[in-house]
Every structure is written in C-alpha cells, then in structure tokens.
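Structural description and commentary
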Amino acid sequence: YYIKKNNDILAVDWLQKSLKIFPLNDEDYYLLARIFLKNRKYDNALQMLSEAIALDPKRVLYHSTYAEILYERSDVNSAIGYLRDILEENKESPKILGDIAIYYYRSGQMKRFEDYKKRVEGLVTKDQSFYEFLIKAAKLDERYQDVIKYSRNLNDRIFPEKGETC
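A brief look at the structure comes next. (Residues numbered from 1 in each chain as written. Predicted model: local features only at pLDDT ≥ 70, side-chain atom pairs only at ≥ 80, totals over all residues. Heavy atoms only, no water.)

Points about the side chain of Ser 129
As a reminder of what qualifies: Under the DSSP-based scheme used, a helix requires at least four consecutive residues in state H or I and a strand at least two consecutive residues in state E, with every element numbered from the N terminus. Polar contact is defined as a pair of N or O atoms within 3.5 Å, subject to the rule that within protein one atom must be able to donate a hydrogen and the other to accept it, and that residues adjacent in sequence are counted only when both atoms are side-chain atoms. Contacts between residues were defined by any pair of non-hydrogen atoms, one from each residue, lying within 4.5 Å.
Mapped onto the fold, Ser 129 is located in helix 8 (residues 128–140). Polar contacts involving the side chain of Ser 129 include one to the main-chain amide nitrogen of Lys 95, which spans 3.5 Å. When sequence neighbours within four positions are dropped, the list of residues in contact with Ser 129 reads Pro 94 and Lys 95.

Encoded structure:
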C-alpha cells in the first residue's frame, strides 16, 4: 500500500517489520532494494538485493535489478559483465538478453545492441519480459507503430480474456 502511495518512509518501516517476522521473505528484501535504488541509496539497495538473491538465486528479476544498481553505482561495463555471467545459466532469458542490449545502447555500442536485439527477437520464449524489451527497443528506434503492436501483444499476454484491458 505505502509503495503504491510513494510513501517510502512508511514502506521501508513496514517491510522491515515484516522481515523481522518473516526473515526468509525474499520479495520484501527485493521491494526494499527497489525503494533504496529509487532513492539512490545504492549500498543499502545492494545489501537488500544480496539477501533476496541468497534466498532465491534463480530469480532473474533480482539479478536484473542488481545489474541496474551496478550500472547506476559504477559503470555500464560492470552491469553488462554481471549480466553476461548470469546469462550462462539463463541462456534463453529475454529479460537478461534485453537488459544487456539496453545497456549496450546506453553506452553507444550500437552494433552490440543490434546483435542482442536480434537474439531476443529470435527467442522462442515470448513472455512478458520479451514484449517489454521489444517495446523499449521500438521506442529507441522511434518505431511507434511497433510500440503499439508490442504493447497490444503484452496486454494480450497479461490479460488473455477478450475485452479485458489494462
């Protein structure tokens, strides 16, 4: 509730209370990390995210956020290097491949961005992160018709029943 209301102080307070009761709740550690990241408290964010990863090392979202902190805290090469290590265990992850592509784009390495973009587009897995990446890439390329198309595909994936929209 407090996260949705952007009341970070109360959100942190309640999440910390929750962790005292349920110290193995990786989701609460992740939520704390997101709040700290938003507020540029990178050391705290890394600490919370390390706890979440220790509890659920296979959760790709946690590794993606860890790379985001590395990017914000140090440099693009640290984030890309970290994600490329994670990619060894998640070779077909649209989220990891897409994140690497975006970091290459941000650093001006367009050839590598295009290479990773093609890898994502060629994936068989068409999950939410697949469409989220395609939307980001289409925005970067200013292909707004594709943004609409991919957004509809994502919406259909999230809300599979006809007529239901976000």
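Picking up where we left off.
Points about the packing of aromatic side chains
Selection rule: Any two of the Phe, Tyr and Trp rings considered here, Trp counted by its six-membered ring, make a pair once their centres fall within 6.5 Å; the pair's planes then place it as stacked at under 30 degrees, edge-to-face at over 60, or tilted in between. The buried label applies to any residue whose accessible area, calculated with a 1.4 Å probe on protein chains only, is under 20% of its type's maximum; exposed applies above 50%, and partly exposed to all values in between. When the NZ atom of lysine or the CZ atom of arginine is within 6 Å of a ring's centre and also within 35 degrees of its normal, the charge is said to sit over that ring.
The full count for this structure, using the stated rule, is six aromatic pairs. Aromatic side chains Tyr 105 and Phe 113 sit 5.1 Å apart centroid to centroid with 65° between the ring planes, which places their arrangement in the edge-to-face category. With relative accessibility at 25%, the residue Tyr 105 sits in the partly exposed group. Above the plane of the ring of Trp 14 lies Lys 17, whose end atom (NZ or CZ) is 4.7 Å from the centre.

Quick notes on unusual backbone geometry
Despite not being glycine, Arg 40 shows a phi value in the positive range, around 60°. By the element assignment, Arg 40 lies in the loop between helix 2 (26–38) and helix 3 (42–55). For Arg 40, a relative accessible area of 60% gives the class exposed. In this structure, Glu 142 takes a positive phi of about 60° despite not being glycine. Assessed through its relative accessible area of 58%, Glu 142 is described here as exposed.

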